[in-house]
Amino acid sequence: MIGRDRELAEIRAAVAAAEAGEGALLLLAGEAGVGKTRLAETAISAGNVEALQGIASQRSAAPYAPIAAVLRDFLRRSPDGLAGVGALQPQLAMLLPELGPRAESADRETLFEAIRQAFEAIASAGPTVVFLDDLQWADEATLELLSSLAAAAEEWPLLVLCAYRNEEIPRGHGLRRLRTDLRRSGRLAELVVEPLDPASTVALATQVLGREPGPTLRAALVDRTQGVPFFIEELSGALRTGSLLVPTEQGLELATAAAVPIPETIRDAVRLRSDGLSPAGCRALQAAAAAGTRFDLDLVAAVGADEGLAELLDHGLLVESEPGRASFRHDLAREAVYAEVPWPRRRALHRSLAEQLDARGAEPGLVAEHWVAAAEHERARPALVAAARRYCELHAYRDAAAAGRAALELWPEDQDEPARLVVLDELGDCAQLCGEFAEAVRAWEELAESARDDLSRLAEAKRKLATVYELQGAAPRAVAARLEAADAFSKCGRDADAATERLLASFRLIEEEPATARDLLDQARDDAVRAGRTDLESRCLREKGFLVRMEGRFDDALDLTRRALSLALEGNHVEDIVESYWVLGAILNNWGDYPAAQSALQDAADFCRAHNLEPDEQFCRSCVGVVLWHRGAWDEAEEISRDVLASPATSGPGRAHGLETLGLIAAARGKTATARPLLRQSVAIGREHGMVGTVWISRFGLALADELDSKIDTQWNDFVASSADETPNNHHAPPLRWAATFAARRGDAALVHACARATANLAAIFASAEALAALAHAFGEVALAEGDSSRAAEQFEQALELFRDVDSPFERAHIQMRAGVALAAAGERQSAVDRLVEAYRTFRKLGARPFARQVAGDLEALGERVDRRLGRLAARELENGGLTRRELEILRLVAVGRTNREIARDLFLSPRTVEMHVRHMLSKLDCRSRTEATSKAHELGLLETTGTR
């Protein structure tokens, strides 16, 4: 460990942390031969920890091979140590057959959890260091697992120490992905082991040589080895063993420099050390190099190298790491020997090794590698195919794809084409599952091209291509592939599959090509009828209903959706029943038939509850909450929305609806500080899930909150502009109507006219009662802006008539409020008062205080006595911002800095009573602090009255 004090200290600190219960994953990087393994083993041995080791092999092995080696190492010491994995033992037996019967199948997450629990069992036995060496050769599955182990290890007394050659990590290597994952999670801990400096190089050489080298030899050692410890040891050992050095007064030097040059490379140094071997020893050394860095001794003996193995062990060229298994001192030594093996001999050795391993039932990937090295491609190919399928069973999809790709590269042209197409299809599956979409596309495009005469296979290939195109974001290519798949399925009589593909293609075309989508849905329905699939027929009707709803054909949409629901109920197609109920509710809600919408959505929620579909139930309930907002049942809507948000089963869309409803109610009631975070979350989740309506209405709620707080920006202009970019929908009506009102109140005639144009476009396509009422309302605002109060009053009255059967009291009160203003301007005083009083009572009942105060202000502007028309409470609220006399009194004392105790003393109240009044006062002003309440009180003019002491 010459020159390694810093590295030793860092690893020992990580080991000590694991002993204390703070585990981690530490990467140990460095070039080949720099001493990573010895450094790790030395640091681990100094700690009071159990040490387990797994080494990745350059020769192919099963996925998770280093992990399996660690677990076997643990089982040798604690035969019952993995009993704690319990029900997951069959999954673990997929890696360790000695554990008993293996699971028939297991998903990747379950397998990862089984391994995680095995490591937890290891850590629970005591502080442990798991040393994984040579990870530059590790299988992809092992490297993907390590990221999750890094997080888990933090909870255990477990250090996972991973060594790898950093000069052998090309672009795309799994270790690069591992490092990226660790960096993103804040867990990247890496120690880079550098070559030795000149002084340490000489010190290490002196240790091997037994004496200090002289100046010439010293300079040569530093120059040749570049500070790589393995090279220093090999070179020094070769010179010493060969008796090539002589002592001088200045140290050891070469005996005859001209005749015996210093080896240039590690290969030369290893050759120099092996020059004295017998012929049998040389043959055994070559066989061992072909077998790999680590191997079974009887395997090498079986290929004709039995006689020379003892000699290799005696010379220290091989080390018996455990009974029956040997290894080279370093893989650099193996590489040096292997490079000297003549090609014919090399092929013969690999052929013999492949035959032996195949007979012993070794991993097919390892057998295949030897067949490939022996240039026996016909025998390598089936082994590679078997390896790919074995790896796929273990969810090691990258490794499976690599094996499948290698098999296809060896496939002779025009030979066993059906089998080749099967492997090509399997390669596409594996590539898609590991995220290598370009590879999947290449495989399935080649498969489709090669299977033109096999319609069923062609259709399946096109279907898979469509899926991967969508994953790549290539929607047009996905649609084209689905349509090709549908045609091929149709021609070979697979009508249900054809219907499914046309359905999926129609989804992509609904927005941009509705006419094409409609035709596809009709074709898909015909396919479904021929196939006798009422579930698919129901789905086609339902989707067509949703499509014609977007075109404003309400009656057709309802008819199609009800027929879809009837078919689903007849066939007891649970998923389709839920979807049809929901679509029916969505259509009714979008068209403004809120009572019917609530009934349909409640039926959907009840059906989901009866069938234990809790996520679907919570989503349907969230939709009920949205409808209740429209219907003015705000307290019930709040209760449902809070329940939905509290449920762990609620999906993202359900959360978006719940947040939207709570945010809208809070904004309408003037609690703008409460509303904003709710609505912002709703917008974010809605965008994530493509919920255009939710995003639109939640943005409207934010604009409403800004308006109430006098934070006027361009939000209403943005609404009007963006309405032209979206498919017309009933949820556009309220924001456009409110935008016109606020613009008219501020005298922004340009925005008023823009609102009218946008509303006219909406009503022309989506002629619901709400849309038409919004158009009349917008025309009323235009007339007011132009000073034509009589025409304005007529338009607002027309809006109210159109809105007569719409059960949306908040929106009706808005129209009544504006009708009152227009009637007053037209000189129809009594009618104006009647409309304003109606609006006030609705706003007051809903708790929409800002709007109730606004109506009261409009009455006061007419010269009406608010207390006579609306009652003393309304007058007091108008005057005091909704605060009681006592709350106003306390607010004024708060504003001058009085504490609760001081206020209690001044007003002869208990501190608890003052605290209650302060809490109510903050709630009514929608403020979180006394400072915020003081600022808002100044804005509202509530502090102008004096009288505080």
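Rules used in this analysis
- Residues numbered from 1 in each chain as written.
- Predicted model: local features only at pLDDT ≥ 70, side-chain atom pairs only at ≥ 80, totals over all residues.
- Heavy atoms only, no water.
- Helix = DSSP H or I, 4+ residues; strand = E, 2+ residues; numbered from the N terminus.
- Buried < 20%, exposed > 50% of the residue type's maximum accessible area, 1.4 Å probe, protein only.
- Contact = heavy atoms within 4.5 Å.
- Pairing = 2+ DSSP bridges.
- Salt bridge = Lys/Arg side-chain N within 4 Å of Asp/Glu carboxyl O.

Q: I tried to follow unusual backbone geometry on my own but got confused; where do I start?
A: As a rule of thumb, non-glycine residues mostly have phi less than zero, and peptide bonds are mostly trans rather than cis. Positive phi is not limited to glycine here, since Gln 226 has a value of about 55°. Turning to its location among the elements, Gln 226 is positioned in the loop between helix H9 (215–225) and helix H10 (229–241). Overall, the relative accessible area of 53% leaves Gln 226 in the exposed class. Its identity is not glycine, yet Asp 414 carries a phi of approximately 60°, on the positive side. Relative to the assigned elements, Asp 414 resides in the loop between helix H18 (397–409) and helix H19 (417–433). The exposed category is assigned to Asp 414, whose relative accessible area is 73%.

Q: Which parts of the structure should I look at to understand the environment of Leu 188?
A: Here Leu 188 is to be found in the loop between helix H7 (174–184) and strand S5 (190–192). Overall, the relative accessible area of 28% leaves Leu 188 in the partly exposed class. Distance in space between the C-alpha atoms of Leu 188 and Phe 437 is 28 Å, their sequence separation being 249 residues. Setting aside anything within four residues of it in sequence, one finds Leu 188 in contact with Leu 27, Arg 179, Leu 182 and Arg 183.

Q: I keep staring at the pairing of strand S3 (residues 128–133) and nothing clicks. Help me out?
A: Side-chain direction in a regular strand flips from residue to residue, so the side chains alternate between the two faces of the sheet. Burial within S3 is extensive, with 6 of its 6 residues counted as buried. Every second residue of S3 is oriented toward a common face, with Thr 128, Val 130 and Leu 132 on one face and Val 129, Phe 131 and Asp 133 on the other, all of them buried. Note that strand S2 (residues 50–55) and S3 share 6 bridges and pair parallel. Note that in S3 the partner of Gly 54 across the bridge is Leu 132.

Q: Quick question: what am I supposed to make of helix H16 (residues 364–373) here?
A: Turn by turn, an α-helix covers 3.6 residues, leaving residues three or four places apart pointing in a common direction. For H16, the buried fraction is high: 8 of the 10 residues fall into the buried class. Every buried residue of H16 is listed here: Pro 364, Gly 365, Leu 366, Val 367, Ala 368, His 370, Trp 371 and Ala 373.

Q: Even after reading the chapter, I still don't get the pattern of salt bridges, so can you show me in this structure?
A: Opposite charge on two side chains permits pairing when their charged atoms draw close. Counted under the stated rule, the structure contains 81 salt bridges. One salt bridge connects Glu 144 with Arg 108, and the closest N-O pair in it is separated by 3.1 Å. Pair noted here: Glu 144 is in helix H6 (residues 140–153) and Arg 108 is in helix H5 (residues 108–124), with a separation of 36 residues, a long-range link. Taking the relative accessible area as the measure of exposure, Arg 108 reaches 26% and is therefore partly exposed. In this structure, the salt-bridge partner of Arg 542 is Asp 576, at a minimum N-O distance of 3.3 Å. Of this pair, Arg 542 sits in helix H25 (residues 534–550) while Asp 576 is found in helix H27 (residues 574–590), placing the two residues 34 residues apart along the sequence.

Q: How do you make sense of the environment of Trp 716 when you look at a structure like this?
A: Its location among the elements puts Trp 716 in helix H34 (residues 715–723). Residue classification places Trp 716 among the buried positions, given a relative accessible area of 1%. When the C-alpha positions of Trp 716 and Arg 699 are compared, they lie 9.9 Å apart, and in sequence the two are 17 residues distant. Setting aside residues no more than four positions away along its own chain, Trp 716 makes contact with Phe 700, Ala 703, Leu 704, Glu 707, Pro 735, Trp 738, Ala 739, Phe 742, Arg 746 and Leu 751.

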